[in-house]
Number of protein chains: 4
Amino acid sequence: MTNSMEKPAVTKVEVGQVTVGGANFVVIAGPCSVESEEHFLITGQAAKRSGANILRGGIFKLRTSPDSFQGLGKDGLAIAKRVRQELAMPIVCEITDPRQIGDFHDIVDMFQVGSRNMYNYSLLKELGQTKKPVMLKRGFSALIEEWILAAKYVTDGGNPNVILCERGIRSFEKVTRNTLDLAAVAYIKQNTSFPVIVDPSHATGVRNLILPMALASAAAGADGLLIEIHPDPDNALSDGFQALDFKQFDQLMDKLSLILDTLNRPLAPTAVV
Amino acid sequence: MTNSMEKPAVTKVEVGQVTVGGANFVVIAGPCSVESEEHFLITGQAAKRSGANILRGGIFKLRTSPDSFQGLGKDGLAIAKRVRQELAMPIVCEITDPRQIGDFHDIVDMFQVGSRNMYNYSLLKELGQTKKPVMLKRGFSALIEEWILAAKYVTDGGNPNVILCERGIRSFEKVTRNTLDLAAVAYIKQNTSFPVIVDPSHATGVRNLILPMALASAAAGADGLLIEIHPDPDNALSDGFQALDFKQFDQLMDKLSLILDTLNRPLAPTAVV
Amino acid sequence: MTNSMEKPAVTKVEVGQVTVGGANFVVIAGPCSVESEEHFLITGQAAKRSGANILRGGIFKLRTSPDSFQGLGKDGLAIAKRVRQELAMPIVCEITDPRQIGDFHDIVDMFQVGSRNMYNYSLLKELGQTKKPVMLKRGFSALIEEWILAAKYVTDGGNPNVILCERGIRSFEKVTRNTLDLAAVAYIKQNTSFPVIVDPSHATGVRNLILPMALASAAAGADGLLIEIHPDPDNALSDGFQALDFKQFDQLMDKLSLILDTLNRPLAPTAVV
Amino acid sequence: MTNSMEKPAVTKVEVGQVTVGGANFVVIAGPCSVESEEHFLITGQAAKRSGANILRGGIFKLRTSPDSFQGLGKDGLAIAKRVRQELAMPIVCEITDPRQIGDFHDIVDMFQVGSRNMYNYSLLKELGQTKKPVMLKRGFSALIEEWILAAKYVTDGGNPNVILCERGIRSFEKVTRNTLDLAAVAYIKQNTSFPVIVDPSHATGVRNLILPMALASAAAGADGLLIEIHPDPDNALSDGFQALDFKQFDQLMDKLSLILDTLNRPLAPTAVV
C-alpha cells in the first residue's frame, strides 16, 4: 500500500543482545514498580519463561499524588542490578531526573523516559550525550509531530538509539484510561526511522483489553510490546488493575505468536544480556 | 483472558444472505458517494471480485458545508436498486431523515446511520419500528456508553438487528482525521451482544494508514470492516483522499485473509442478496 | 484591539419584541423540561421578575438513555402556549424533528436546535424555509468552523435570523460536564455577523460555577445568556444539578447588571411578546 | 451563590512587594523571551507605565523543536538582574531544570514552572525546599485534580507560596492554540486556597482574542493575568503572533480597570521590588 521505496530505513536498536526494529518482534515485560528483590526476581523469571525478551521495572515512580508510593529509589537500583545478572536478561527502567544518569548507566540496558517527561528537554538532551538506548514514551497529549521532535532532542546529541513507545492519548472517553492510537504507530513506521513499540497496559488501563490490543498492535506493524505483569495484580503497590498475572501473560504470548508467524515477524529469542 | 462464560451471546445480523457477527468476517466496500450508475457498477464489481460481501454507497450525503456535493438523492436510489440487482449483492446506504425510510426500505439491505446522526433519536426510534438491519456509526465524540444507549433506542422499538461501527473519535491529534479507538471494539465485544465493525477509512482519513488499521481491527476482534474504494480516488466527488483504488483494495484483502485464517475467522463467502 | 472597521455588522434578531444582537444584553431563562403547567408558570414568573427577557422550556427532550424522561411532548406544547400568553413573554423551545415545525410554528418565538442536532442538516434546511429565529447550539465537539457552516444551512435557505449558543465542548476534564469555550464567543463576534449567547448551565454542569461563568461570558462579549432555573432543583425531572433556584438566579442577575453597566451593554427591558 | 463559609481562605503570596491573592488584582507582563538587554528594558518600562505589577521574561525556553531559539540562557540571567534593579519591579522567569535553582534564586522574585513541566515532580519537590513563590502553570492536558496535586508536591515540601496559572488546555478546536478553561479558575477559587491567574496569550494564541479573554478572566474571579507583550510582535524571536504591542496592552489595561472597579478588585499599585 505504501511505497516501500520511500520508507526510511528502520534504526536497529540493540538492547543488550536484543535487537529492536529488526527482523524479530520484541516483548518487554515486568512489574509497574519493583516492590522487593523476591518480587522482581519471580516476575522476571515468569516473563522470561513465557518468552519476554527484556525486563522492565519501575524504581523511581512518577505519581500524580505525593502521597502515593514513589518507588524504592536507590535500593531498587541495587535489586535491579542483581536480578538482571541472575536472569541474564536486559533491563529497562524509567529515569526521572538527569542527575540519575550516572547511577543508572551501568545497571540498565535502556533508559525509559515516561509520558510525563516527554517534554523534559533537559533530560532528553543529556540522554543524547550517552550511547545507551532510550525508550521514549509519547506524552499522553502529545501530537505525533511533537513526539518525533522530542526524539530529535536525543538524536541531535549524538545518540541514535531511540525507540518510541505509544501508550495511549488522553481523550473524552472514560471506559479506558487512555485512547490507544495505533494509527500513530503505522504513521511513524511509514514516515520515520524510529522503531515503535506499544504499551497496551497503560493505553487501556483495563486488564481484559490488553490481549486484544496487543494483537492489534502487532497487526498494525509495531516492533514490540511493553506489558505490565505481576504475581498478584490485586495486591500490587501500583496500577495492579492493568497488570496481567503470569498465566494471563502466558496466554497472551501464545496468541501473539500465531499472529506474528502470519506476519513473518517471529518473536525474538529469549534474551541474554 | 476474559471469561467467555460471562460474554453476552453475539446477535447475528442477517444482511441479505450475509451474516454479521457469526463465524465469518465480513467486508463492506464501496464509494463514499454514488456518482453515476456506471461509477457505482464498476466499483461494486471490483469490490465483489476482491471478496467484499456487502456494497456501500452514499446517496444522501451529510456535508459540513452547504456548498459541498450533497449526493444524487432520489436519482441515486434508482441507481442503487439496479446495481444491487445486477451484482446480486446486498447494499447499505446512509439514511439522514426518518422520512426517507419508505423510499429506502425496499432498496437497501441495511440502513446506515452516520456519525452525525448517532444522537438523532427520532430517526433511531423509527428505525426500531422496522426489522431491517441498522449499522449505527459511533458519533465522533460519543462515549462508548452513549453509543450503546443509542443502539438501545433501536432495539427497544423491537428491531434487534443493530451493528455498531467504530469510525474514529475526535482528539487533539492532527495527522489523522480522527483517532481510531480499537479498545472500544474489544470493550463492546466483551460487554454487549452487538456485532462491531470498523471503518478505517474515516478513522484515519489517510490512504496509507487504511491497510494497517484494517489488519489491526481484525486482530482486535472486530466482526468486519467498512472500506471506501473508488476507481479513481484523486477525482472522487467526496473524500477521495481516504479511498483505496481497486488494486490497493485487492492487496488489502489478500493480507487480511492471512490474518483472518490465523484468527479462525475466515472471510464470509462472496455475498448474494 | 480588533479593528472595528473589519468587523461584520451584527445581525439583529427579533424574538418577539426582544432584540438579540442589539444594544442590550438578553437573558433567556427557564426550566430544562416543562414538567407541568403550574411548574412552568411559576418558573416563568420568577424568571420575569428577576429580569429575564425570554422564557425557555424543553418539551421534546433528547436524552442519552431511552429510559430517561423524554419530555411532555404535545401536551407540553399546549402548556407552553398558555404560559406564553399569561406572561406575555417570548418563548424558545427545542425542536428535535423537522416534522414538528408546523406544531411549533405558532407557539414558539424561536426554535432551539440542540447540541446533538447541530449536524442535522435536514432539520436546519427546513428551518431555513421559515422566518422564525433559530437558536443554534454548538455541537459539543463541533469545530467553530463547522458550527458557522451549520448556521449557513439555515441562512442559505433564506432565514437570516440565527443566534449561536456556546454551551461547552467535550474535553478530557471531568470536574465540569463540558469545557466552556469563551474564546469561541469572541472569535465569532469578531469574524461573523451572528449574535452569540452562552449557556453556562450545560457548559459547566455545576451549580456553583454558573454565576462566575455568566459574568465571564458578558465580559467576553456575548450578546446574552441561557440559564436553567427551577423552583426546586433537587427534585427536577432532568438536569437539576445544573439549575439555579429562584433566589440564586436573582443574585446572578444583580451581579450581572453591574458588569453590564460597565460594559455599556445594559440588560434588555423585561420582554413582551 | 457559593457558600462563602465553606470557601478555603486564599493564601496570599508575596512576590517582591506585590501580593497575589489579596485585595488587589495583579498583572504580570513581559516578552515571551528576553532577546537582549535593551529589548527587555524597554518592554519592562512599557509594562510598568501601563500599570503592570510584575515583569516576566523567558531565559531558558522549552521549544518543541531543538532547532528553535532556546533562549539566552545564563547571559539572560545577568540581563534580568540588571533590568529588575533598573525598574525596581519584581520579576518572574521560567525554570526548566532543578539545577538552575541556585542561579535563579537571587535574581527572580518568583519561579515559573511551565506547562510542559507540571508533571516534573523532581523539580517541584526541590522548589518546595525554597521559600520563593512558584507560579505553576497547568499542564495543557492536566486534569484540575492533577494540577492541584502537583501544587501539593511544592507545598508538602514546606513552601506554601504557590500560585496556579490557567493557560488553556488541548482540545480538538483549531482556531485557538488551546482552549481557555475559565471554569477551572472558578472551581479552584471555590475549592482550594491557591491564588489563580490566567494567561490569555498562550490560551488563545490569537492576538485579537487576548483582550476579551483578559476581561472574562477578571469577571470569572481570577486573581491576576499573565500577558505577553513585545515592542514589535511581528519580529519577535518566539511566539510573536500572541504578543500585544505596547499600545494594545495599554488599551487592555484601561478596559480591565473598569471591570475591576465594578468587581471591587482594583489593580495593585505599580510594583516595587
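From a predicted model like this one, the values you see are computed outputs, not experimental measurements.

## Comments concerning the packing of helix α8 (residues 207–220) of chain A against helix α6 (residues 182–191) of chain B
Two elements in contact, α8 of chain A and α6 of chain B, have axes whose closest approach is 9 Å; the angle formed by their N-to-C orientations is 130°. Between α8 of chain A and α6 of chain B, the interaxial angle falls into the category oblique. Note on packing geometry: the crossing formed by α8 of chain A with α6 of chain B is right-handed. Packed against α8 of chain A, whose contacting residues are N208, L209, P212, M213 and A216 of chain A, the element α6 of chain B presents L182, A183, A186, Y187 and Q190 of chain B at the interface. Considered class by class, the residues forming the contact of α8 of chain A with α6 of chain B number eight nonpolar, two polar and no charged.

## Details of the packing of aromatic side chains
All names here are of chain A. By the definition in use, this model includes 16 aromatic pairs over all chains. A connected cluster of aromatic rings, assembled from ring pairs, spans F60, F104 and F111. Over the ring of F140 we find R170; its NZ or CZ atom is 4.3 Å from the centre of that ring.

## Let's talk about the sheet that holds strand β4 (residues 54–56) of chain D
All names here are of chain D. Spatial ordering of the closed barrel is given by β3-β4-β5-β6-β7-β8-β9-β10, a layout of eight strands whose pairing is parallel. Taking each pair of neighbouring strands and ignoring which way they run, the sheet shows an average axis angle of 25°. The pairing of strand β8 (residues 162–166) with strand β9 (residues 196–198) spans three bridges and is parallel. Across the sheet, residue C165 finds its bridge partner in β9, namely I197. Each of β3 (26–30), β4 and β5 (91–94) is contacted by helix α1 (residues 37–49), which is oriented at about 145° to β4, the strand it contacts most.

## Here we look at the confidence of the model for chain A
Close inspection of predicted coordinates is inappropriate in any region flagged by low pLDDT. Residue and element names in this part refer to chain A. Considering every residue of chain A, the mean pLDDT works out to 94; 97% of them sit at 70 or more. Across residues 1–5, confidence stays below pLDDT 50; counting only partners more than four residues off in sequence or on other chains, it has 10 contacts. In the predicted complex, the global pTM is 0.95; the interface-specific ipTM is 0.95.

## A closer look at the pattern of salt bridges
All told, the structure shown has 68 salt bridges over all chains when counted by the stated rule. For D223 of chain C, the salt bridge identified is with R265 of chain C, shortest N-O distance 2.5 Å. Of this pair, D223 of chain C sits in the loop between α8 (207–220) and β10 (224–228) while R265 of chain C sits in the segment after α9 (246–262); the two residues are 42 residues apart in sequence, bridging distant segments of the chain. The partner of R207 of chain D in a salt bridge is D234 of chain D, and the shortest N-O contact between them spans 3.5 Å.

## Topic: the side chain of H230 of chain D
Residues and elements named next belong to chain D. On the secondary structure map, H230 appears in the loop between β10 (224–228) and α9 (246–262). Separated by 3.2 Å, the side chains of H230 and H39 make a polar contact. Setting aside residues no more than four positions away along its own chain, H230 makes contact with E35, H39, N235, A236, A243, L244, D245 and F246.

Rules behind the numbers
- Residues numbered from 1 in each chain as written.
- Chains lettered and ligands numbered in written order.
- Predicted model: local features only at pLDDT ≥ 70, side-chain atom pairs only at ≥ 80, totals over all residues.
- Heavy atoms only, no water.
- Axes fitted to C-alpha atoms, helices over the stretch in contact; angles between N-to-C directions.
- Helix = DSSP H or I, 4+ residues; strand = E, 2+ residues; numbered from the N terminus.
- Parallel < 35°, antiparallel > 145°, perpendicular 65-115°, else oblique.
- Left-handed = near helix turned anticlockwise from the far one by under 90°.
- Contact = heavy atoms within 4.5 Å.
- Nonpolar A, V, L, I, M, F, W, Y, C, P; charged D, E, K, R; others polar.
- Phe/Tyr/Trp six-rings, centres within 6.5 Å; stacked < 30°, edge-to-face > 60°.
- Lys NZ or Arg CZ within 6 Å of the ring centre and 35° of its normal.
- Pairing = 2+ DSSP bridges.
- pLDDT = per-residue confidence, 0-100.
- Salt bridge = Lys/Arg side-chain N within 4 Å of Asp/Glu carboxyl O.
- Polar contact = N/O pair within 3.5 Å; in protein donor to acceptor, adjacent residues only side chain to side chain.

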